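Structural features, examined
Now for the letters of each chain:
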Amino acid sequence: MALCFFFFFFPFSPLLFFISFALSLGDTFFFSLPIAFFQIKKKTEKKIKTKTNKKVGLISEFRKKRKNLDLIRKKKNSLHISVEEDGRVIVVMEMDTNGATTSSTAGGGSTSDSSSAAKKNSKKPKYSRFTQQELPACKPILTPGLVITTFTIIGIIFIPIGLVSLSASEHVVEIVDRYDEGCVPSNYSNDKLAYIQSSLTNKSCTRTLSVPKLMKSPVFIYYQLDNFYQNHRRYVKSRSDKQLRSMAYERETKSCDPEGVSVDGPIVPCGLIAWSLFNDTYGFSVKSKMLEVNKNNIAWDSDKEHKFGSDVYPKNFQSGGLIGGAKLNSSIPLSEQEDLIVWMRTAALPTFRKLYGRIEEDLQANEKITVVIHNNYNTYSFGGEKKLVLSTTSWIGGKNDFLGIAYITVGGLCLFFAVSFILLYVIKPRPLGDPSYLSWNRSPSGHPN
């Protein structure tokens, strides 16, 4: 209530301040007002009198000069000079030979020479319909009928699209399991960083997932990282695209610091992005039957063909004292290392998913999936989270309710505005103006077309 009171009376605060200030001055303020007004009136009357006197003096001097100029004449060529009221001097010369008369004007007007010189020095551009924005264009007039029809059409189109999108999203079956905390042994629950950095601890972990609905193949496997900023400027720039594309640029590692060069030579692939490659692994089984994970064609074809060369092989990778992530097979070219290619396409947001593989079998409802996880990737040092995601897809992609809700919301608002404008137009109609008087419907003379 206090906030409503404040926002309602805030625009009137200057007026309230002025009234309170006037009342605080008391009787002196109100009695002094007529006296001040009377003094101001006297001063203005004096100024008006002085101005009128000056004008009268100038007019009398002008009349005297005009009388003297009218007396000047010549015998052969009768020269008539007269001064007009607006200050122009008119010179008329009558010739004796053929009686022709010529006249010229000086004084207040401008001569032809001065006008031509002014035209030459003018910066005014040449006239064209393009510069003056007079080309034919569509300029619709927002009449009530047009506005109501537009809002109605948008609402009728958007609401069905939103409903179909929501229905497609509801048919997507998704399983999300956070395992970064559950895979830490109880004796390391207070020191998770020591657990992940130690080479003596067992990093394997077994999780059980329940299938809520029938999941038709292919079932996509994703790993999700939270609070991991792949969009950091220094992280994004720490790579060498030339080195990834061709073996001829093996030593192009200037932009890869601090993971550019090792003791044995240049690192291929270099940079922080490749160094921090995700290295958790997953194994799936149902009723003691292993599910094969297909890791082929998980990367974009454009990346494999144009960004990663078939003649570039890993070299001196993860050979230093500090290991950042997964290691690469030095006998396989980078164009076939699809886990690396997927990871090198950096995410724009701190929470992202990346494709790990596919299960090419249907998963029945209420089945129990046993997942063996090798929890190797360190997210504990920066407070990150790791999640395993199993998901099907539809024609719209993965599970995403936002798109359908957005379409339904916009369509509903458009229908609401259409109904509101209809009621407003019926209850309180407003006459429209004549469109022929609009600027683009008028002729150059100013008359309606």
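Residues take numbers from 1 onward in each chain, read along the sequence in its written order. Given that this is a predicted model, residues contribute local features only at a pLDDT of at least 70 and side-chain atom pairs are listed and counted only at 80 or more, while totals for whole chains, interfaces and linings are drawn from all residues. Hydrogens and water are ignored here; the side-chain numbers use all heavy atoms of the structure.

**Concerning the overall build of the chain**
Stated precisely, the cut-off is as follows: Each helix is a run of DSSP H or I of at least 4 residues and each strand a run of E of at least 2, with the numbering of both proceeding from the N terminus. Only protein chains enter the accessibility calculation, which uses a 1.4 Å probe. A residue is then buried if its area is under 20% of the maximum for its type, exposed if over 50%, and partly exposed in between. Residue contacts follow a heavy-atom distance rule, with two residues in contact if any of their heavy atoms lie within 4.5 Å. Each accessible area is a Shrake-Rupley estimate made with a 1.4 Å probe; only the visible protein chains count as cover when residues are assessed.
From N to C terminus, the chain includes 12 helices and 14 strands. Here the chain, with 449 residues, has 28% of them falling under the buried criterion. Restricting to contacts in the chain with at least 6 residues of sequence separation, those with at least 24 account for 72%. Approximately 31000 Å² of the chain is accessible, and the part contributed by carbon and sulfur atoms is 60%.

**Examining the state of the cysteines**
By definition, a disulfide links two cysteine residues through a covalent bond between their sulfur atoms. Quick reminder of the rule: We call a pair of cysteine sulfur atoms a disulfide whenever their separation is within 2.5 Å.
With the rule as written, the count across this model stands at two disulfides. What pairs with Cys183 in a disulfide is Cys205, and their sulfur atoms sit 2.2 Å apart. In this structure, the disulfide formed by Cys183 and Cys205 twists by about -75° around the S-S bond and is classed as left-handed. In this pair, Cys183 sits in the loop between β4 (174-178) and α6 (192-197) while Cys205 sits in strand β5 (residues 204-210), placing the two residues 22 residues apart along the sequence. In this structure Cys205 comes out as buried when scored by relative accessible area, which is 9%. Covalently, Cys256 is tied to Cys270 through a disulfide, its sulfur atoms 2.0 Å apart. With Cys256 in the loop between α8 (241-245) and β7 (261-262) and Cys270 in the loop between β8 (265-266) and α9 (272-275), this pair connects stretches of sequence that are 14 residues apart. A relative accessible area of 0% places Cys256 in the buried class. According to the relative accessible area criterion, Cys270 is buried, its value standing at 2%. Once the disulfide-bonded cysteines of the chain are ranked by sequence position, their pairing pattern turns out to be 1-2, 3-4.

**Let's talk about the nonpolar core**
Put simply, the test is: Nonpolar cores were defined as sets of buried Ala, Val, Leu, Ile, Met, Phe, Trp, Tyr and Cys residues, with membership established by side-chain atoms within 4.5 Å.
Formed by 55 residues in total, the largest nonpolar core has its most connected members in Tyr282, Phe284, Trp343, Ile369 and Leu390. Listing elements by their share of this core, those giving two or more residues are β5, β6 (219-226), α9, β9 (281-286), α11 (338-344), β12 (352-359), β13 (368-374) and β14 (385-391).

**Points about the pairing of β14**
Convention followed: Strands are treated as partners if at least two bridges between them are detected by DSSP.
Here β14 lies mainly inside the structure; six of its seven residues are buried. Here β6 runs beside β14; their pairing, made up of seven bridges, is antiparallel. Across the sheet, Phe220 pairs through a bridge with Ser391, a residue of β14.

**What about the confidence of the model for the chain?**
Selection criterion: Confidence of the predictor in every single residue is expressed as pLDDT, which spans 0 to 100.
Summary statistics for the chain give a mean pLDDT of 79 and a share of 71% for residues scoring 70 or more. The model gives residues 1-41 a pLDDT under 50, and that stretch makes two contacts with residues more than four places away or in other chains. Under a pLDDT of 50 for its full length, residues 94-110 has, in the predicted model, 30 contacts with residues more than four places off or in other chains.

**Topic: helix α12 (residues 401-427)**
Note the cut-off: The span you would expect from a helix comes to 1.5 Å times its residue count less one. Residues adjacent in sequence count toward polar contacts only when both atoms are side-chain atoms; beyond that, a polar contact is any pair of N or O atoms within 3.5 Å, and within protein one must be able to donate a hydrogen and the other to accept it.
For α12, which comprises 27 residues, the first-to-last C-alpha distance of 39 Å matches the rise-based estimate of 39 Å (1.5 Å per residue) to within 8%. Along α12, the positions that sit buried rather than exposed are Gly404, Gly411, Cys414 and Ala418. On the buried face of α12, the contacting elements are α5 (144-170). Measuring from the backbone nitrogen of Phe402 back to the side-chain oxygen at the start of α12 gives 3.2 Å, which picks out Asn400 as the cap.

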